[in-house]
Amino acid sequence: MKKFKQRLSCSFFFSIVPGILWQLLFLCLPLVFIIGLSFFEISDKLALFTMDYYRVVTNKFHLLVILRSLSVSFFVATVCSLIAYPVAYFIAFKVSKRWQSIGLFLLALPFWINFLLQVYAWCFILERNGLVNSFLLKIGLISEPLYLMNNMVSVILVMIQGYLPFMILPIYSGMSRFSKRLIEASYDLGASAIYTFWHITLPLTISGIRTGFILILVMTFGEFTIPTLLGGGKKLFVGTLISEYFFTSRSMSQGSAFVCVSAMVLCGAILVVNKIFGLISGATDHEN
Amino acid sequence: MKINKFRFSKLVMPSFVGSVYFFLYLPIFILVLFSFNDARFVYKWSGFTLDWYYELFRSTEVWIALKNSLIVAFFSGLLSLSMGCLLVWGLFRRSKIILPLFYITVMIPDVVVAVGLLSFFTMLYIPLGITALIAGHTLLGLGFVVPILYSCFKDLDYGLIEASLDLGATRWQTFFKVVLPLLKPSIIAAGLLVFIISLDDFLIAFFCASSDSQTLSLYIFSMVRLGLSPLINALSVFLLIISCSFVLLFSNLSDKKEFF
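Some points on the overall build of chain B
Inference 1: In terms of helices and strands, chain B carries 11 helices and zero strands.
Inference 2: Tracing chain B from N to C terminus, the helices and strands come up as α-α-α-α-α-α-α-α-α-α-α.
Inference 3: Of all 260 residues assigned to chain B, the portion counted as buried reaches 40%.
Inference 4: Of all intrachain contacts in chain B linking residues separated by at least 6 positions in sequence, the fraction that spans at least 24 positions is 81%.

Here's what the structure looks like:
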């Protein structure tokens, strides 16, 4: 065994170098650059330390943008978890093996279609004379077309559609490892359906919700395409404001400061979510 | 009570799940349907046509964009796979410090990665373009390849590697003749995943591509910004067919994992 490990340790060094180097060069170094840019004012060959950028990006306007993105993200993640849980439960427990794989296949398929195309398709559905409006007009539910495009409604709706599989799949993978016998045992021992769900099924599958929740939080917080194409451009989100800083106004330093502030807010949000999920699973576990 | 329960599991749940699937597939149905629509103003159905497909195959810009996308996807897939395999072999279960490094990519928003790359390239005067894109997409790919391959490698039969080394194979012989064949299904699956992630990526391309290295996502974005055009629908059906065949391949290969 020892000899075996020794023989491996030589190759160890050489074969891990390229991957790690790549990661350091193109991920860690750029992140250090961003942090550096946000603290230094670069003029000619001098770099002066300054906190001015942070003073600007923590004003009311910027904080409002962060708050808006954060609340949209939380809303989308919450709605997704409420929709996804029954779907995952159904796929995991209620259908035959064959339908299970078909269901999962159909969930994974939209991932493979360019996301922009799906966003584009929503224009057909939500436009002023699009499908939803013409349908509602035809059945006489409304007399005037509704404004569904270029506002929060369209942004949130499309985010839910786009990111729902990211919630269903982690919950499903947690459930597929969960033994159905535990439920049967609970019933056999006289527990009610609600008690069983609350004390057995939910605590054992909540880690999937947590994974999906954090995934969706991270992805929607920096979302750029949906607000740009469907948000009407009036209300700024974190992703759109960052790209504006780096593209339109070309003030990289201030943009970097904004990136740092919003990243910190996101980290805080993730910690809070982790804590909340920890509390929930603790509460449901300990009562037993 | 019993009847209620019966109804719930037989009616309410399936119809809820059915409507969720309907919601997920609604945009795709619409794309396909309207690609055959014979009208410039695209909201109303006014007859069947294949004109948009004809126009799609005549347009040169689409095919240049597709070519760029395929080049980037191929090289980033190749690079991230080879680096990922080497890394997993080199780490050999000693992963406590190194592995979390590769989770960062998934844990931070894409826009931050993209902006970081942009400032990195501009500050070091590295020209933006296809090479920069490959670098960025390889980075994205590594974030998926390394965790996937590592978890598969961990499940491998340790004894086989040990036997190979004991019987006198060098470490590289063991890598090429034992480890790689054992990992083959997951390598192919991970490679396809990276390929599709690269094709699908918009943000990194938006920040790191130059004007002469337009990718498919950028092309679609600029078309959508100009307004709705049935040409995009035709393109999406074309891509849909390609993606479907890829997914079928992907799921076939991952099913086969059990037989190895």
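Some points on the overall build of chain A
Inference 1: Each helix and strand in chain A was counted, giving 12 helices and two strands.
Inference 2: Helices and strands appear in chain A in the N-to-C order α-β-β-α-α-α-α-α-α-α-α-α-α-α.
Inference 3: In terms of overall dimensions, chain A is more spread out than a globule: its C-alpha atoms have a radius of gyration of 24 Å, far above the 19 Å expected for 288 residues.
Inference 4: Per-residue burial for chain A yields a buried fraction of 39% across its 288 residues.

Here we look at the environment of Ile-204 of chain B
All names here are of chain B.
Inference 1: Assignment of secondary structure puts Ile-204 in helix H9 (residues 203-208).
Inference 2: Sequence separation of Ile-204 and Gly-168 is 36 residues, and the distance between their C-alpha atoms is 46 Å.
Inference 3: Once you skip the residues sitting within four places of it in the chain, Ile-204 turns out to touch Val-113, Ala-114, Leu-117, Leu-133, Gly-136, His-137 and Leu-140.

A word on the interface of chain A and chain B
Inference 1: Between chain A and chain B, the residue contacts involve 62 residues of the former and 68 residues of the latter.
Inference 2: For the side of chain A that touches chain B, the element with the highest residue contribution is helix H1 (residues 2-39) of chain A, accounting for 20 residues.
Inference 3: Here the side of chain A that touches chain B is composed, by residue class, of 46 nonpolar, 13 polar and three charged.

Some details on the domain arrangement of chain A
Residues and elements named next belong to chain A.
Inference 1: Segmenting chain A into domains produces domain 1 (1-50) and domain 2 (54-286).
Inference 2: Relative placement of domain 1 and domain 2: their C-alpha centres are 32 Å apart.
Inference 3: Counting residues at the interface gives five residues for domain 1, matched by six residues for domain 2.
Inference 4: Of all the elements, H1 adds the most residues to the side of domain 1 that touches domain 2, at four residues.
Inference 5: Taken together, the residues of the side of domain 1 that touches domain 2 break down into three nonpolar, one polar and one charged.

Overview of the environment of Val-119 of chain A
All names here are of chain A.
Inference 1: Position of Val-119 relative to the elements: it lies in helix H5 (residues 115-126).
Inference 2: With 84 residues separating them in the primary sequence, Val-119 and Pro-203 have C-alpha atoms 35 Å apart.
Inference 3: Once residues within four sequence positions are removed from consideration, Val-119 is found in contact with Val-158, Thr-225, Ile-226, Leu-229 and Leu-230.

Re unusual backbone geometry
Keep in mind that most residues, glycine aside, have a negative phi and that most peptide bonds are trans.
Inference 1: Positive phi outside glycine occurs at Tyr-125 of chain B, with the angle close to 55°.
Inference 2: Tracing the sequence through the fold places Tyr-125 of chain B in the loop between helix H5 (110-123) and helix H6 (130-155).

Side note on the packing of helix H3 (residues 60-91) of chain B against helix H8 (residues 171-200) of chain B
Residue and element names in this part refer to chain B.
Inference 1: In the contact formed by H3 and H8, the axes pass within 9 Å of each other and the chain directions differ by 145°. Relative to H8, the crossing made by H3 is right-handed. Seen from H3, the contacting residues are Ser-69, Val-72, Ala-73, Ser-76, Gly-77, Ser-80, Leu-81, Cys-85 and Trp-89; seen from H8, they are Phe-175, Val-179, Leu-180, Ile-187, Ala-190, Gly-191, Val-194, Phe-195, Ser-198 and Leu-199.
Inference 2: Here the residues of the contact of H3 with H8 sort into 13 nonpolar, six polar and no charged.

Quick word on H5 of chain B
Residue and element names in this part refer to chain B.
Inference 1: With 14 residues, H5 should cover 20 Å at 1.5 Å per step; its first-to-last C-alpha distance of 20 Å lies within 8% of that length.
Inference 2: The buried fraction of H5 is high, at 12 of 14 residues.
Inference 3: Buried within H5 we find Asp-110, Val-111, Val-112, Val-113, Ala-114, Val-115, Gly-116, Leu-117, Leu-118, Ser-119, Phe-120 and Phe-121.
Inference 4: Where H5 ends, the next residue or the one after it, Tyr-125, has phi of about 55°, a positive value.

Side note on the confidence of the model for chain B
Regions with low pLDDT carry predicted coordinates that are not meant to be interpreted in detail.
Inference 1: Model confidence for chain B is summarised by a mean pLDDT of 83, while 88% of its residues fall at 70 or above.
Inference 2: Our summary of model confidence lists the complex with pTM equal to 0.86 and ipTM equal to 0.84.

Regarding the packing of H6 of chain B against H8 of chain B
All names here are of chain B.
Inference 1: With their axes 9 Å apart at the nearest point, H6 and H8 run at an angle of 155° to one another. In this view, H6 runs roughly antiparallel relative to H8, as classed from their interaxial angle. The chirality of how H6 crosses H8 is right-handed. Taken together, the residues of H8 that come into contact with H6 (itself represented by His-137, Leu-140, Gly-141, Phe-144, Val-145, Ile-148, Leu-149, Cys-152 and Phe-153) are Leu-183, Ser-186, Ile-187, Ala-190, Leu-193, Val-194, Ile-197 and Ser-198.
Inference 2: Each residue belonging to the contact of H6 with H8 can be placed in one class, and the counts come to 13 nonpolar, four polar and no charged.

What counts as what
Residues numbered from 1 in each chain as written. Chains lettered and ligands numbered in written order. Predicted model: local features only at pLDDT ≥ 70, side-chain atom pairs only at ≥ 80, totals over all residues. Helix = DSSP H or I, 4+ residues; strand = E, 2+ residues; numbered from the N terminus. Buried ≥ 20, exposed ≤ 12 C-beta atoms within 10 Å, placed from the backbone. Contact = placed C-beta atoms within 7 Å. Rg over C-alpha atoms; globule rule 2.2 N^0.38 Å. Nonpolar A, V, L, I, M, F, W, Y, C, P; charged D, E, K, R; others polar. Domains from an automatic or database assignment. Axes fitted to C-alpha atoms, helices over the stretch in contact; angles between N-to-C directions. Left-handed = near helix turned anticlockwise from the far one by under 90°. Expected span 1.5 Å × (residues − 1). pLDDT = per-residue confidence, 0-100. Parallel < 35°, antiparallel > 145°, perpendicular 65-115°, else oblique.

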